[in-house]
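Close look at the chain arrangement
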Amino acid sequence: MEHIFRSRRVLTSGGLTAAAIAVQNGRIRAVRGWNDVPAGAPLHDYGDLILLPGLVDTHVHINEPGRTEWEGFATATQAAAAGGVTTLVDMPLNCMPETIDAQALEAKRHAAMGKTWVDWAAWGGVVRGNADSLPGLVQAGVPGFKCFLIHSGIDGFAWVGEADLRLALEKLRGSSLPLLAHAEVAGPVEEATRVLNEQNANWRSYSTYLAARPDAAEVEAIALLIRLAEEFDAHVHVVHLATVEALPLLSDARARGLRVTVETCTQYLWFAAEAIADGATEFKCAPPIRAAANREGLWQALETGLIDMVTTDHSPCPPAMKRREEGRWDKAWGGIASLGLALPVLWTGMRQRGIGIERIGAWMAAAPAKLAGLEGRKGAIQPEADADFVVFDPDAAWTVTADDLRFRHKLSPYLGEQLCGRVRETWLRGELVFANETIAGQPRGREWTRA
Ligand SMILES: [Zn+2]
């Protein structure tokens, strides 16, 4: 039987509109006029609350198997559900084994069984020396691959240089899968760190950490990636862009028709270096959060479409690893925990800048869905797509407390932030997974593969 979801404000690809969505067997059958409700059909009428497509976050570190004490499928997917995210794509590192061959992917699938409250997929990893394992991962259905151009923090996930990238791109030729890259190279970081140490820099100071990860490290990495995208006719995706200094390069690559896509993360759009206290290592991530003027430049690039999407790079760790008492930026684990907060954070920032909520649809749903090969099925309210919805109250003002965090460790730089907009309900394939501030139903998330 058809169920009807309707609101005066449904976000479709055509913008916000009054509509009635007909859902059957977990899929959207039709998007009809607001009045077009068949007699007797069960009706979920949300009035003026906004009905958004379920969000897609293509940059999440779930850490299971192997480091489930950092985060795991159950906690991460519940945090996602509470934040309106109905599809996660897991990064291939921080779990053990790292997802760098088909066997490791199998272990991950096994670990996820029966524990996921939203749908998910897994990126494969490109590391030094695993080129021969890539075809197996492609065959096993990964939507694409992730690599690092600098030490990742995880020794089992070896970073790659140009020679390794060439081997990998040769293997991936013809697969059309994207290669996602952590775009910082080691040279400028090592040189800056050496100089800072010579000067006995204070490593509790945020300005020291910022100086140790110069913009040039990102710019140089992105230049290399663009060069390889052109040479191999590959789709290269820059994860967590943090510097505006790389925007001219990216803009030029786009103008030349290269397949280069770009994401930035909520933390780079929300926080600014000037306001980060010394020793506040919950803000540590790489690349680092840069100055306020840089943040405004990232917003502009989002608005013009040069930056395609916004992800979280949710990457938690046990609180002790942040070494908060010591407060040294060079010793603390890098990674920000934020899963579940991205929608109100981004929306609050958009409101402050006069940007309409319509753009959430591309930035947090359609574009990431497309990156992960889920276009048409996820990230849009349209016929044939999965019935994944977020019921969003855009005007609810609230302050983030530890109780609002559903991931494993309640340590996040967003604690105490004042936000606008609250997720009221989340639906996954036609069934409720979050309502009344509570996880609902069963863990019936499923894995999406290309195969
Ligand atoms: Zn990451």
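This text gives an overview of the structure that appears in the document.

Quick notes on the rules
Residues numbered from 1 in each chain as written. Predicted model: local features only at pLDDT ≥ 70, side-chain atom pairs only at ≥ 80, totals over all residues. Heavy atoms only, no water. Phe/Tyr/Trp six-rings, centres within 6.5 Å; stacked < 30°, edge-to-face > 60°. Lys NZ or Arg CZ within 6 Å of the ring centre and 35° of its normal. Donors = N, O, S within 2.8 Å, 3.2 Å for Na, K, Ca; no water. Helix = DSSP H or I, 4+ residues; strand = E, 2+ residues; numbered from the N terminus. Buried < 20%, exposed > 50% of the residue type's maximum accessible area, 1.4 Å probe, protein only. Core = buried A, V, L, I, M, F, W, Y, C linked by side-chain atoms within 4.5 Å. Contact = heavy atoms within 4.5 Å. Salt bridge = Lys/Arg side-chain N within 4 Å of Asp/Glu carboxyl O. Expected span 1.5 Å × (residues − 1). Pairing = 2+ DSSP bridges. Axes fitted to C-alpha atoms, helices over the stretch in contact; angles between N-to-C directions.

**Re the packing of aromatic side chains**
- Evaluation of the coordinates by the stated rule reveals 10 aromatic pairs.
- Taken together, the aromatic side chains of Phe5, Phe389 and Trp427 make up a single cluster linked through ring pairs.
- The ring of Trp34 is capped by Arg8, whose NZ or CZ atom sits 3.5 Å from the centre of that ring.

**A closer look at the coordination of the zinc ion**
- Ligation of the zinc ion by protein atoms is provided by His59 (NE2), His61 (NE2) and Asp313 (OD), these donors lying 2.1 to 2.2 Å from the ion.
- Of note, the zinc ion draws all its donor residues from one chain, in the sequence arrangement H-x1-H-x251-D. Of this pair, His59 sits in strand S6 (residues 55-60) while Asp313 sits in the loop between strand S14 (309-311) and helix H11 (342-352), and the two are 254 residues apart along the sequence.
- Look at Asp313 and you get buried, because its relative accessible area is 9%.

**Let's talk about the nonpolar core**
- Counting 111 residues, the largest nonpolar core has Leu241 and Leu250 as the members making the most contacts within it.
- A per-element tally of this core places helix H7 (residues 215-232) first, with eight residues.
- Sequence-distant contacts of Leu241, that is, excluding residues within four places in its chain, are made with Glu218, Ile222, Ala246, Leu247, Leu250, Val262, Glu263, Thr264, Tyr268, Leu298 and Ile307.
- Counting residues in each nonpolar core, the second largest holds 23 residues, with Trp123, Phe157, Ala369 and Leu374 among its members.

**A few points about the pattern of salt bridges**
- Counting across every chain of the model gives 38 salt bridges.
- Among the salt bridges present, the one from Glu106 reaches Arg109, with a minimum N-O distance of 3.7 Å. Of this pair, Glu106 and Arg109 both sit in helix H2 (residues 102-112), three residues apart, roughly one helical turn.
- A residue is classified by how much of its surface remains accessible, and Glu106, at 47% relative accessible area, is partly exposed.
- Each of Arg27, Asp119, Arg377, Lys378, Glu384, Asp386, Asp388 and Arg429 takes part in a single network of salt bridges with overlapping partners.

**What about H7?**
- Between its first and last C-alpha, H7 extends 26 Å over 18 residues, near the 26 Å set by a 1.5 Å rise per residue.
- Within H7, the full set of buried residues consists of Ala217, Glu218, Ala221, Ile222, Leu224, Leu225, Ile226, Leu228, Ala229 and Phe232.
- Where the residues of H7 are buried, they touch helix H4 (162-172), strand S11 (179-182), helix H5 (186-198), strand S12 (236-239), helix H8 (247-255) and strand S13 (260-265).
- After H7 finishes, the residue Asp233 shows a positive phi value of roughly 50°.

**Focus on the sheet that holds S11**
- Pairing in this open sheet of six strands is parallel, and the strands run S9-S10-S11-S12-S13-S14 from one edge to the other. Of all strands in the sheet, those with a lone pairing partner are strand S9 (124-125) and S14, marking the two edges.
- Pairing geometry for strand S10 (residues 145-148) and S11, over four bridges, is parallel. Bridged to Cys147 within S11 is Ala181.
- Those strands touched by H8 are S12 and S13, and its axis lies near 145° from that of S13.

**Quick word on the sheet that holds S6**
- Taken in spatial order, the three strands line up as S6-S7-S8 in an open sheet, and their pairing is parallel. With one partner strand each, in any of the chains shown, S6 and strand S8 (119-122) form the two edges of the open sheet. Adjacent strand axes in the sheet meet at a mean angle of 20° when their direction is disregarded.
- Pairing of strand S7 (residues 85-90) with S8, which is carried by four bridges, proceeds in the parallel orientation.

**So, helix H12 (residues 360-371)**
- Under the 1.5 Å per step criterion, the end-to-end length of H12 is 16 Å for 12 residues, consistent within 8% with the ideal 16 Å.
- Most of H12 sits out of view: nine of its 12 residues are buried.
- Regarding H12, the residues found buried are Ile360, Gly361, Trp363, Met364, Ala365, Ala367, Pro368, Ala369 and Leu371.
- Where H12 terminates, the next one or two residues include Gly373, which has phi positive at roughly 75°.

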